[in-house]
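Tertiary structure, described
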Amino acid sequence: ILKSTIEHKTDANAEQNTTCELIFTILENIIAEKEYEYKDNSTIFILNICSKSYSCFSNINLNEFKIIISNLINNSIEAINHKNGIITISMESTDDLITIRISDNGSGIPHDVLPNVTNLGFSFSKKNGSGFGLYYAKQQIEKLNGKISISSELNAGTDIKIDILKAESPRWFGDSLYIEIGSDVV
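A brief look at the structure comes next.

Reading the values: rules and limits
Residues numbered from 1 in each chain as written. Predicted model: local features only at pLDDT ≥ 70, side-chain atom pairs only at ≥ 80, totals over all residues. Heavy atoms only, no water. Helix = DSSP H or I, 4+ residues; strand = E, 2+ residues; numbered from the N terminus. Buried < 20%, exposed > 50% of the residue type's maximum accessible area, 1.4 Å probe, protein only. Contact = heavy atoms within 4.5 Å. Areas by Shrake-Rupley, 256 points an atom, 1.4 Å probe, with all protein chains shown as cover. Core = buried A, V, L, I, M, F, W, Y, C linked by side-chain atoms within 4.5 Å. Axes fitted to C-alpha atoms, helices over the stretch in contact; angles between N-to-C directions. Left-handed = near helix turned anticlockwise from the far one by under 90°. Pairing = 2+ DSSP bridges. Polar contact = N/O pair within 3.5 Å; in protein donor to acceptor, adjacent residues only side chain to side chain. Phe/Tyr/Trp six-rings, centres within 6.5 Å; stacked < 30°, edge-to-face > 60°. Lys NZ or Arg CZ within 6 Å of the ring centre and 35° of its normal.

Here the focus is the overall build of the protein. For the protein, the helix and strand inventory stands at 4 helices and 7 strands. What you see in the protein, going N to C, is helices and strands ordered as α-β-α-β-β-α-β-β-α-β-β. The proportion of buried residues among the 186 residues of the protein is 40%. By sequence separation, contacts in the protein at least 24 residues apart represent 71% of the contacts at least 6 residues apart. As presented, the protein carries roughly 11100 Å² of accessible surface, and 48% of it is formed by carbon and sulfur atoms.

Shown next, in the form of structure tokens:
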């Protein structure tokens, strides 16, 4: 289970820990952890990956990125106050960007509150909110030259969009496998 506390790190330290990571596998692992963590909850987790995005890499700080995604999913779980909760995590890509969306059908955020949710110390509708999670997510994504945006509709849900830069696949990564017709595969 992912550590949910957020540690402060300097910019230099965060950059030193940046590695080229396969984003799909990170999302898949986090979803599996959340399904286990919330197995007694009726919330359904859906992972939608665009077919050309399975082999997308990005230069990220792996631990920080996992914490961000995990905390955003936790926020979605807390916003769902009914039995038919659905959280959809999707990923698509272009030539230069990877887009990750975390969408829920929770209570939503009022339009007048929405511009403030990434401000340090601002918390909305959370029992034990510190106002640090979305602020931290925004800061860390921007350090990657990425962008986070949030849209929401009251009583309909929230959609968080994260754009991060796509990295070139490492040389060791094989993104396809060609097998001749009639070949034996063991």
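On we go.
This brings us to the nonpolar core. In terms of nonpolar packing, the biggest core is built from 38 residues, with I23, I73, I100, I162 and I164 touching the most fellow members. Listing elements by their share of this core, those giving two or more residues are α2 (23-37), β2 (44-49), α3 (62-79), β4 (86-93), β5 (97-104), α4 (133-143), β6 (147-153) and β7 (157-165). Not counting residues up to four positions away in its chain, the partners in contact with I162 are I69, L72, I98, T99, I100, I141, K147 and I148.

Relative orientation of the contacting elements α3 and α4 amounts to 145°, with a least axis distance of 10 Å. In terms of crossing hand, the pair formed by α3 and α4 is left-handed. Only L134, Y136, A137, Q140 and I141 of α4 make contact with α3, whose side of the interface consists of E64, I68, L72 and N75.

So, about the sheet that holds β5. In space, the 5 strands of this open sheet follow the order β2-β4-β5-β7-β6, with mixed pairing throughout. This sheet does not close on itself; its edge strands, each paired only once, are β2 and β6. With strand direction ignored, the average angle separating the axes of adjacent strands in the sheet is 15°. Two elements, β4 and β5, share 7 bridges in a ladder whose sense is antiparallel. Within β5, the position partnered with M91 by the bridge is I100. Packed onto the sheet, α2 meets β2, β4, β5 and β7 and runs at close to 170° relative to β2. The strands that α3 touches are β2, β4, β5, β6 and β7; relative to β5, the one it contacts most, it runs at about 25°.

Looking at the secondary structure, you find N74 in helix α3. C-alpha of N74 to C-alpha of Y38: the two residues are 36 residues apart in sequence and 9.9 Å apart in space. Setting aside anything within four residues of it in sequence, one finds N74 in contact with K34 and Y38. At 3.2 Å, the side chain of N74 forms a polar contact with the side chain of Y38.

You can see S53 is positioned in the loop between β2 and β3 (57-61). Polar side-chain contacts of S53 include one of 3.0 Å to the side chain of S93. With residues up to four places along the chain from it excluded, the contact list for S53 reads F24, M91, E92 and S93.

A few words now on the pairing of β4. Moving residue by residue along a regular strand, the side chains alternate between the two faces of the sheet. Both β2 and β4 contribute to a ladder of 6 bridges, which runs parallel. Its bridge partner lying in β4, F45 is registered against I87. What sits between the antiparallel neighbours β4 and β5 is a turn of 3 residues.

Any aromatic ring pair is given by two values, namely how distant the centres are and how the planes are angled relative to each other. Applying the stated criterion across every chain yields a total of 4 aromatic pairs. Where F24 meets Y54, the ring centres are 4.7 Å apart and the plane angle is 70°; that geometry is what we call edge-to-face. Taken as a pair, F24 in helix α2 and Y54 in the loop between β2 and β3 lie far apart in primary sequence, 30 residues in all. Taking the relative accessible area as the measure of exposure, F24 reaches 14% and is therefore buried. Taking the centre distance of 4.9 Å and the plane angle of 80° together, the rings of F57 and F173 count as edge-to-face. Separated by 116 residues along the polypeptide, F57 in strand β3 and F173 in the segment after β7 bring together distant segments of the chain. Using a relative accessible area of 1% as the deciding quantity, one classes F57 as buried. For K39, the ring lying beneath its charged end belongs to Y36, and the centroid distance is 4.0 Å.

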